[in-house]
Amino acid sequence: TQLLEQSPQFLSIQEGENLTVYCNSSSVFSSLQWYRQEPGEGPVLLVTVVTGGEVKKLKRLTFQFGDARKDSSLHITAAQPGDTGLYLCAGVTTGANNLFFGTGTRLTVIP
Amino acid sequence: GAVVSQHPSWVICKSGTSVKIECRSLDFQATTMFWYRQFPKQSLMLMATSNEGSKATYEQGVEKDKFLINHASLTLSTLTVTSAHPEDSSFYICSASTGAGGNSPLHFGNGTRLTVT
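Quick summary incoming for the structure in this document. (Residues numbered from 1 in each chain as written. Chains lettered and ligands numbered in written order. Predicted model: local features only at pLDDT ≥ 70, side-chain atom pairs only at ≥ 80, totals over all residues. Heavy atoms only, no water.)

Observations regarding the overall build of chain A
(1) Moving on: Broken down by element type, chain A carries zero helices and eleven strands.
(2) Moving on: Mapped from its N terminus to its C terminus, chain A presents α and β elements in the order β-β-β-β-β-β-β-β-β-β-β.
(3) Moving on: Relative to its length of 111 residues, chain A is compact, with a C-alpha radius of gyration of 13 Å against a globular reference of 13 Å.
(4) Moving on: Overall, the C-alpha framework of chain A stretches about 45 × 30 × 20 Å when taken along its three principal axes.
(5) Moving on: In chain A, buried positions account for 44% of the 111 residues.
(6) Moving on: Side chains of chain A carry 8 positive and 9 negative charges; the gap between the two charge centres is 5 Å. (Helix = DSSP H or I, 4+ residues; strand = E, 2+ residues; numbered from the N terminus. Rg over C-alpha atoms; globule rule 2.2 N^0.38 Å. Buried < 20%, exposed > 50% of the residue type's maximum accessible area, 1.4 Å probe, protein only. Lys, Arg positive; Asp, Glu negative; His and termini not counted. Charge placed at Lys NZ, Arg CZ, Asp CG, Glu CD.)

What follows is the structure, encoded as structure tokens:
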């Protein structure tokens, strides 16, 4: 099992603030994905990063894949209550076809 | 887009009974399907990987005789929790992939909440 540690585990912020969620591992991943999950539903894919150092933007969300492909970050600018949810990183190791999820970050944005 | 349907969305059963959960890919053929379990306020833990027509590969610590997986067709995989106990209560989620490689897109179902009384 590949261990993907996310930090922080819980985050509660005011609307309009910025935040960063980190996803770290000692393993190298061929690709890394970020998901958001609402209670009682399956996770929804936000982005996939495959190249070390890659940066992708999705509106107010910025995703970065570490140069060594062992870590990733998710930065949200001007958070809104609709951003509330469980954010999960998930990685695929080279040659494998399994997706392993990180420990999760539960974000609450207070209006 | 690709849709994965899970059924039932929730189920309550008595301890000692068996429960079957279905995972269907509605508009694509799924070469590989994955089953995850998620306890409250925790992340998804991969239980097993199933490929159509072959035996499932279980992750370490997951009892294959307790969690029976059948991937009989390219659009259907089932997970049967046998002799369920209260500690099996959890949120079970399947995902389906069109390819065999790890970078093939995964499509997730909406999960099944199992409560064992």
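A closer look at the pattern of salt bridges
Residues and elements named next belong to chain A.
(1) Moving on: Within the structure shown, the criterion is met by five salt bridges over all chains.
(2) Moving on: Across the pair Glu38 and Arg36 runs a salt bridge whose closest N-O atoms are separated by 3.6 Å.
(3) Moving on: In this structure, the salt-bridge partner of Lys56 is Glu54, at a minimum N-O distance of 3.8 Å.
(4) Moving on: Judged by its relative accessible area of 31%, Lys56 is partly exposed.
(5) Moving on: On the basis of relative accessibility, which here comes to 17%, the residue Glu54 falls in the buried class. (Salt bridge = Lys/Arg side-chain N within 4 Å of Asp/Glu carboxyl O.)

Let's talk about the packing of aromatic side chains
What describes a pair of aromatic rings is the distance from one ring centre to the other and the angle between the planes of the rings.
(1) Moving on: Per the stated rule, a full pass over the model turns up seven aromatic pairs over all chains.
(2) Moving on: Relative to Phe63 of chain A, the ring of Trp34 of chain A has its centre 6.5 Å away and its plane inclined at 45°; by these criteria the two rings are tilted. Here Phe63 of chain A lies in strand β7 (residues 61-65) and Trp34 of chain A lies in strand β4 (residues 29-37), a separation of 29 residues in the sequence.
(3) Moving on: Taking the centre distance of 5.3 Å and the plane angle of 80° together, the rings of Tyr35 of chain A and Phe108 of chain B count as edge-to-face. (Phe/Tyr/Trp six-rings, centres within 6.5 Å; stacked < 30°, edge-to-face > 60°.)

A few points about the interface of chain A and chain B
(1) Moving on: The interface of chain A with chain B comprises 22 residues on the first partner and 21 residues on the second.
(2) Moving on: Run the count over chain A and chain B and you get zero salt bridges.
(3) Moving on: Broken down by secondary-structure element, the contributors of at least two residues to the side of chain A that touches chain B are β4, β9 (85-93) and β10 (100-101) of chain A.
(4) Moving on: Among the elements that take part in the side of chain A that touches chain B, β4 of chain A stands out by supplying four residues, more than any other.
(5) Moving on: Considering only residue class, the side of chain A that touches chain B consists of nine nonpolar, eleven polar and two charged. (Contact = heavy atoms within 4.5 Å. Nonpolar A, V, L, I, M, F, W, Y, C, P; charged D, E, K, R; others polar.)

Focus: the sheet that holds strand β1 (residues 4-7) of chain B
Residue and element names in this part refer to chain B.
(1) Moving on: Taken in spatial order, the four strands make up an open sheet running β1-β3-β8-β7, and their pairing is antiparallel. With partners counted over all chains shown, the strands left at the sheet margins are β1 and β7 (67-73), one partner each. Pairs of neighbouring strands in the sheet enclose a mean axial angle of 15°, with direction left out of account.
(2) Moving on: Direction of pairing for strand β3 (residues 19-25) relative to strand β8 (residues 76-81): antiparallel, over a ladder of six bridges. Its bridge partner being in β8, Ile21 is matched across the sheet by Leu79. (Pairing = 2+ DSSP bridges. Axes fitted to C-alpha atoms, helices over the stretch in contact; angles between N-to-C directions.)

So, the nonpolar core
(1) Moving on: Grouped together as the largest cluster of nonpolar side chains are 24 residues, with contacts concentrated most on Trp35, Phe67, Leu79, Tyr92 and Leu114 of chain B.
(2) Moving on: The set of elements that each furnish at least two residues to this core consists of β2 (10-13), β3, β4 (32-38), β5 (44-51), β7, β8, β9 (90-97) and β11 (112-116) of chain B.
(3) Moving on: The next biggest cluster of nonpolar side chains, apart from the first, holds 20 residues, and it includes Trp34, Tyr87, Cys89 and Leu107 of chain A. (Core = buried A, V, L, I, M, F, W, Y, C linked by side-chain atoms within 4.5 Å.)

Side note on the sheet that holds strand β3 (residues 19-24) of chain A
All names here are of chain A.
(1) Moving on: Taken together, the five strands give an open sheet; going across it, the order is β1-β3-β8-β7-β6, and neighbouring strands pair in antiparallel fashion. Each end of this open sheet is capped by a strand with a single partner; those strands are β1 (5-7) and β6 (55-58). Averaged over all pairs of adjacent strands, the angle between strand axes in this sheet comes to 15°, irrespective of strand direction.
(2) Moving on: The sheet contact formed by β1 and β3 spans three bridges and is antiparallel. Within β3, the position partnered with Ser7 by the bridge is Tyr22.

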